Amino acid sequence: MVARALRSPSLLLLVLQPCAGAASTPKLRGNVAATPVMSITNSSQLTSYDEDTTRHSLNLAEASYCVDSTASSAWTCATCDDGITVDSVVEADGGRALVGYDSGQSALFVAYRGSSDIQNWIDNIDAFFTAPYNELSDVKVEAGFWDEYSSLSGGVKEALASAAAAHGTHDVVITGHSSGGSCATLLAFDIARGATDLTGFSVKSVITFGSPRVGNSEFVSAHAGYGLNSVRVTHYHDIVPHVPEEFMGYRHVVSEVWYAEDYDAAGSYTICNDSVDGEDDSCSNSCSPFSCTSTSDHLLYLGQALGADGAESPADIAFAVRQPPPTSFPLFPPPYAGAEESHQSTATWPVDMYIRANTTG
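Calculation criteria
Residues take numbers from 1 onward in each chain, read along the sequence in its written order. With pLDDT at 70 or above as the cut-off, local features in this predicted model cover only qualifying residues; side-chain atom pairs require 80 or more to be listed or tallied, and sums for whole chains, interfaces and linings still use all residues. Computation of side-chain values covers all heavy atoms of the structure but excludes hydrogens and water. Each helix is a run of DSSP H or I of at least 4 residues and each strand a run of E of at least 2, with the numbering of both proceeding from the N terminus. Only protein chains enter the calculation, and the probe is 1.4 Å; a residue is then buried if its accessible area is under 20% of its type maximum, exposed if over 50%, and partly exposed in between. Contacts are assigned to residue pairs that have any heavy atoms within 4.5 Å of one another. Computed with a 1.4 Å probe, the accessible areas rest on the Shrake-Rupley method; for each residue, only the protein chains presented here act as cover. pLDDT gives the predictor's per-residue confidence on a scale running from 0 to 100. Note: two strands are recorded as paired if DSSP finds a minimum of 2 bridges between them. Whether a crossover is right-handed depends on one test, that the path from the first strand over the helix to the second runs clockwise when the strands point away from the viewer. The disulfide criterion used throughout: a pair of cysteine sulfur atoms within 2.5 Å.

Q: Please give an account of the overall build of the protein that cites residues and values.
A: Of regular secondary structure, the protein possesses seven helices and 17 strands. For the protein, with 361 residues in total, the buried portion stands at 57%. Summarising the internal contacts of the protein: among those between residues at least 6 apart in sequence, 72% fall at separations of at least 24. A total accessible area of about 13400 Å² is found for the protein, and carbon and sulfur atoms account for 50% of it.

Following this line, the structure appears as structure tokens:
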């Protein structure tokens, strides 16, 4: 898959080539060793990190854009690793999750697709909190992400129950890119707290790529309190991990691994020292508030292009991200005219987020 940016004064078009013809890093063949993706000594910093396991999760996340059937003939995308059985494809309100069995990790898996069009993007980032947990009244999450997660939740729970019976395990690896990362985070939290229809399941790992901030500080603390095997992967100046804004009360879950601009096989990432108290300002947040503007970085992780839904259309897929007016919303940073050329065309924010965030009491 190849991403191309076409720019007009008020509209950025991201044109994505279909998955089927994607040029990508090689997919993993054979079984992926069931190596823990990380080990941690406290609720924040990773002490070890397994990139092969992370890449395997990345391949599953990208496959969720390309695969829309449980038929074995559908498992032919550029990132469709061997050893995967897709038992269910859950779709609702524009969202999608693949559920099945990963023989390499001897675990079930759930892979959430990110937003594939502008309406999903606007719906998912609306900056409003909701408090969906009766027993945790102070824990709040972003309403659009909760809506997306909830629309898929019933189908995902049924698919997990069926897959557990078929494969004889209740261990689950969870992944997702973009808004799919927020769904992955919410599912891991629900499994950890023993939510209805999820008791008995165990999170083996949750690895997200370019996830937005999901909830408030109370959510982050509660999430960390379960000791989840969690990795939040970010890439250079990717814009999405910086929305919704911190000043609006949103925080990131731990633990971050930040990749440099240009991926290489060694030394291209930083294991960050983030915690429940805040992000590591020497990692992804180092570009805040004026340089975290890149959608091209959002569509490229570990050298793998992400985000085209080639299964739905053989043609190029385009979606638009509108830029906000330059002076209308003083609570938000203005467009980033000073961004370097490689990122200049990607300085964009959902205009609907600006409107709603500034018309709410």
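Q: How would you explain the confidence of the model for the protein if you had to name every residue and give the values?
A: Predicted confidence across the protein gives a mean pLDDT of 77, with 68% of residues reaching 70 or more. Here residues 1-18 is modelled with pLDDT under 50, and outside its nearest four sequence neighbours on either side it reaches 68 contacts, counting other chains as well. Confidence drops under a pLDDT of 50 for residues 309-361, and excluding neighbours within four residues, the segment shows 130 contacts in the predicted structure.

Q: Just give me the short version of the side chain of Thr 208, but keep the residues and values in it.
A: Mapped onto the secondary structure, Thr 208 falls in strand 11 (residues 202-209). Here Thr 208 falls in the buried class, since its relative accessible area comes to 4%. Look past the residues within four positions of Thr 208 in its chain and what remains in contact with it is Gly 176, Gly 181, Ala 184, Thr 185, Val 231, Arg 232 and Val 233.

Q: Outline the pairing of strand 10 (residues 171-177), supporting the account with residue identities and numerical values.
A: For strand 10, the buried fraction is high: six of the seven residues fall into the buried class. Across five bridges, the pairing between strand 7 (residues 107-112) and strand 10 is parallel. Its bridge partner lying in strand 10, Ala 111 is registered against Thr 175. Here seven bridges tie strand 10 to strand 11, and the two strands are oriented parallel to one another. Looking at strand 11, one finds that Val 173 is bridged to Ser 205. With respect to chirality, the unit in which strand 10 leads through helix 4 (residues 179-192) into the neighbouring parallel strand 11 is right-handed.

Q: Outline the side chain of His 223, listing residues and values.
A: Along the chain, the position of His 223 falls in helix 5 (residues 217-225). Beyond its immediate sequence surroundings of up to four residues, His 223 is in contact with Thr 185, Phe 189, Leu 228, Ser 230, Val 253 and Val 254.

Q: Before we move on, can you summarise unusual backbone geometry with the specific residues and values?
A: Trans is the prevailing form of peptide bonds, just as negative phi is the prevailing case for residues other than glycine. The step from Val 243 to Pro 244 runs through a cis peptide bond, and the omega angle for that step is -15°. Tracing the sequence through the fold places Pro 244 in the loop between strand 12 (230-235) and strand 13 (256-259). For the bond from Ser 288 to Pro 289, the omega torsion is 5°, close enough to zero to count as cis. Tracing the chain through its elements places Pro 289 in the loop between strand 14 (269-271) and strand 15 (300-301). Located in the positive-phi region is Ser 178, a residue other than glycine, with phi close to 60°. As for its placement among the helices and strands, Ser 178 is situated in the loop between strand 10 and helix 4. In this structure Ser 178 comes out as buried when scored by relative accessible area, which is 4%. Despite not being glycine, Tyr 236 shows a phi value in the positive range, around 40°.

Q: Please provide a residue-by-residue account of the state of the cysteines, values included.
A: Under the defined criterion, the tally for this structure stands at three disulfides. Between Cys 272 and Cys 283 runs a disulfide, and the two sulfur atoms are separated by 2.1 Å. Its torsion about the S-S bond being -110°, the disulfide of Cys 272 and Cys 283 is classed as left-handed. Highlighted residues: Cys 272 in the loop between strand 14 and strand 15 and Cys 283 in the loop between strand 14 and strand 15, separated in sequence by eleven residues. A residue is classified by how much of its surface remains accessible, and Cys 283, at 0% relative accessible area, is buried.

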